[in-house]
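Next come the chains, spelled out residue by residue.
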Amino acid sequence: RGDAARGDAGRGTTSTHHEASVNLHEYQAKDILRGYGVPIPRGEVATTPDEAEAIAKRYGVPVMVKAQVHVGGRGKAGGVKFCKTPQEAREKASAILGMQIKGLTVEKVLVAEASDIGSEAYVGIIVDRKTKKPVFMVSAAGGIDIEEVAATTPEKILKLPIDTRYGLLPFQASRMGFFLYDDAKKARAAAAIMQQLYRAFMESGASLAEINPLVVTPAGEVVALDAKMVIDDNELDRRKEIEALRDESSEEPSEVEARKANLTFIKLDGDVGCVVNGAGLAMATMDLVKYYGGEPANFLDIGG
């Protein structure tokens, strides 16, 4: 944490947020959070339709079949399906496995117990450059794009910077719990989940950890239905168990190749190639290209 302050000016800004980081799959993030006690419905990974059917049969309840790729918008692309029977899980897995979502091929699906949803909230932690602290963001408007909520109804989001010397204090967790729920029991359950999420975030060396949606079931239970974690690259030397979770088949091939050559390269959608020595200069170059109406094709720092 904080290596960005040592001169890697490009790190952590929105356009290169994944520059110095490892994206974890949903199932991997859920496994980590489960280890900290976060209540999450059962789920297992399948790489074939047969496996998906077997998992659904074993659970004996309706399931969700969810594509495991490192891009957003899986649902919109048809990569998340509700299945009432094991046979349906097999059919949906068969359709999702091998499909392309934003240029990446789906090689794994998560087969998870489906939950009835009463309400959806958002809970996330991100490292904030301005305050130099992890900042919690919570909102009762969950289940949708949090960026959209921030842009249109910012009053629906509570932001709380955490002093890492003391960690997330109980009164802070309670404050966020009651920001989400009027009901004391639900607020306390949410506060407990935030404590667990904060521990997972700090002990995994994450730069981002979020639960979207955090749901209340009709029975009144508060559970995490989705999880996303991004781990800071600088943490991997001392966290071999996290490095082992990296899935290169789900990453942009050119980025994997560049990393093996010790170059910092991010593929973008534009058509102006940038070859720059130094992260800050690389960011400034991209900004200039954008300023004059061009679209950068990549971020590349060949400094050193």
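The rules we used
- Residues numbered from 1 in each chain as written.
- Predicted model: local features only at pLDDT ≥ 70, side-chain atom pairs only at ≥ 80, totals over all residues.
- Heavy atoms only, no water.
- Helix = DSSP H or I, 4+ residues; strand = E, 2+ residues; numbered from the N terminus.
- Rg over C-alpha atoms; globule rule 2.2 N^0.38 Å.
- Buried < 20%, exposed > 50% of the residue type's maximum accessible area, 1.4 Å probe, protein only.
- Contact = heavy atoms within 4.5 Å.
- Areas by Shrake-Rupley, 256 points an atom, 1.4 Å probe, with all protein chains shown as cover.
- Phe/Tyr/Trp six-rings, centres within 6.5 Å; stacked < 30°, edge-to-face > 60°.
- Pairing = 2+ DSSP bridges.
- Salt bridge = Lys/Arg side-chain N within 4 Å of Asp/Glu carboxyl O.
- Arc of directions from axis to C-beta.
- Polar contact = N/O pair within 3.5 Å; in protein donor to acceptor, adjacent residues only side chain to side chain.
- Expected span 1.5 Å × (residues − 1).
- Core = buried A, V, L, I, M, F, W, Y, C linked by side-chain atoms within 4.5 Å.
- Axes fitted to C-alpha atoms, helices over the stretch in contact; angles between N-to-C directions.
- Parallel < 35°, antiparallel > 145°, perpendicular 65-115°, else oblique.
- Left-handed = near helix turned anticlockwise from the far one by under 90°.

Here we look at the overall build of the protein chain
Counting its regular elements, the protein chain contains nine helices and 15 strands. Since a compact globule built from 304 residues should have a radius of gyration of about 19 Å, the 20 Å found for the protein chain is in line with a globular shape. Counting the 304 residues in the protein chain, one finds 46% classified as buried. For the protein chain, restricting intrachain contacts to residue pairs at least 6 apart in sequence, the fraction spanning at least 24 positions comes to 64%. Carbon and sulfur atoms provide 52% of the accessible area of the protein chain, an area that totals close to 15,100 Å².

Comments concerning the packing of aromatic side chains
Under the counting rule described, the total for this entry stands at two aromatic pairs. Between the aromatic rings of Y291 and Y292, the centroid separation amounts to 5.1 Å while the plane-to-plane angle is 85 degrees, which identifies the pairing as edge-to-face.

Structural notes on the pairing of strand β15 (residues 298-301)
Judged by which residues are buried, β15 turns out to be covered on both faces: N298 and L300 on one side and F299 and D301 on the other are all buried. Pairing geometry for strand β14 (residues 264-267) and β15, over four bridges, is antiparallel. In the sheet register, I266 faces β15, and the bridge partner there is F299.

Quick notes on the pattern of salt bridges
Enumeration over the complete set of coordinates arrives at 15 salt bridges. With its nearest N and O atoms 3.0 Å apart, the salt bridge here joins E53 to R90. Residue E53 is located in helix α2 (residues 49-59), and its partner R90 is located in helix α3 (residues 86-96); the two are separated by 37 residues in the primary sequence. Residue E53 is classed as buried on the basis of its relative accessible area of 14%. Accessibility expressed as a relative area gives 28% for R90, which makes it partly exposed. Bridged by salt links that share partners, the residues E26, K30, K66, R74 and D226 form one connected network.

Here's the deal with α3
Along an α-helix, residues three or four apart share an orientation, since each turn contains 3.6 residues. Those residues of α3 that sit buried are A89, A93 and I96. Summarising the axial view, the buried residues of α3 lie within an arc of 65 degrees, below the 170-degree limit, and thus occupy one face. Along its buried surface, α3 packs onto α2, β3 (63-67), β4 (80-83) and β7 (109-113). A positive backbone phi angle near 90 degrees is found at G98, which sits one or two residues after α3.

Here we look at the environment of R165
One can find R165 in the loop between β10 (157-161) and α5 (170-180). Look at R165 and you get exposed, because its relative accessible area is 65%. Separated by 2.7 Å, the side chains of R165 and D163 make a polar contact.

Details of helix α6 (residues 184-204)
For α6, spanning 21 residues, the distance from its first C-alpha to its last is 30 Å, which sits close to the expected 30 Å at 1.5 Å a residue. Among all positions of α6, only A187, A190, A191, I193, M194, Q196, L197, Y198, A200, F201 and S204 are buried. One side-chain oxygen at the N-terminal end of α6 lies 3.3 Å from the backbone nitrogen of K185; it belongs to D183. Positioned one or two residues after α6, G205 has a phi angle of 70 degrees, which is positive.

Section: the nonpolar core
One finds L33, F136, M194, L214 and M229 to be the most contacted residues of the largest nonpolar core, which totals 41 residues. Ranked by the residues each element gives to this core, the list is headed by α6, at eight residues. The residues touching L33, leaving out its near neighbours within four places in the chain, are V38, I40, L197, A200, I211, A227 and M229. Counting 20 residues, the second-largest nonpolar core is a separate cluster that includes A52, A89, L97 and V106.

Comments concerning the packing of α2 against α3
Think of two packed helices as two axes; the pair is described by the angle between the axes and how far apart they sit. Where α2 meets α3, the closest approach of the two axes is 8 Å, and the angle between their N-to-C directions is 150 degrees. On the basis of the axis angle, α2 is roughly antiparallel to α3. For the pair α2 and α3, the crossing hand works out as right-handed. When α2 is examined against α3, the residues P49, D50, A52, E53, A56 and K57 are found in contact with a partner set consisting of P86, Q87, A89, R90, A93 and S94.

Considering the pairing of strand β11 (residues 206-216)
Across the eleven residues of β11, eleven count as buried, placing the element largely inside the fold. The pairing of strand β8 (residues 119-128) with β11 spans seven bridges and is classified as antiparallel. Each bridged residue has a counterpart across the sheet, and for E120 the counterpart in β11 is V215. Bridge analysis of β11 against strand β13 (residues 228-232) gives four bridges, and the strand direction is antiparallel. Each residue of the ladder has a partner; that of L208, found in β13, is V230. Pairing between β11 and strand β12 (residues 222-224): three bridges, direction antiparallel. Note on β12: the bridge partner recorded for V215 is V223. With antiparallel pairing between neighbouring strands as the criterion, β11 and β12 make up a hairpin whose turn holds five residues, including G220 at a positive phi of roughly 90 degrees.

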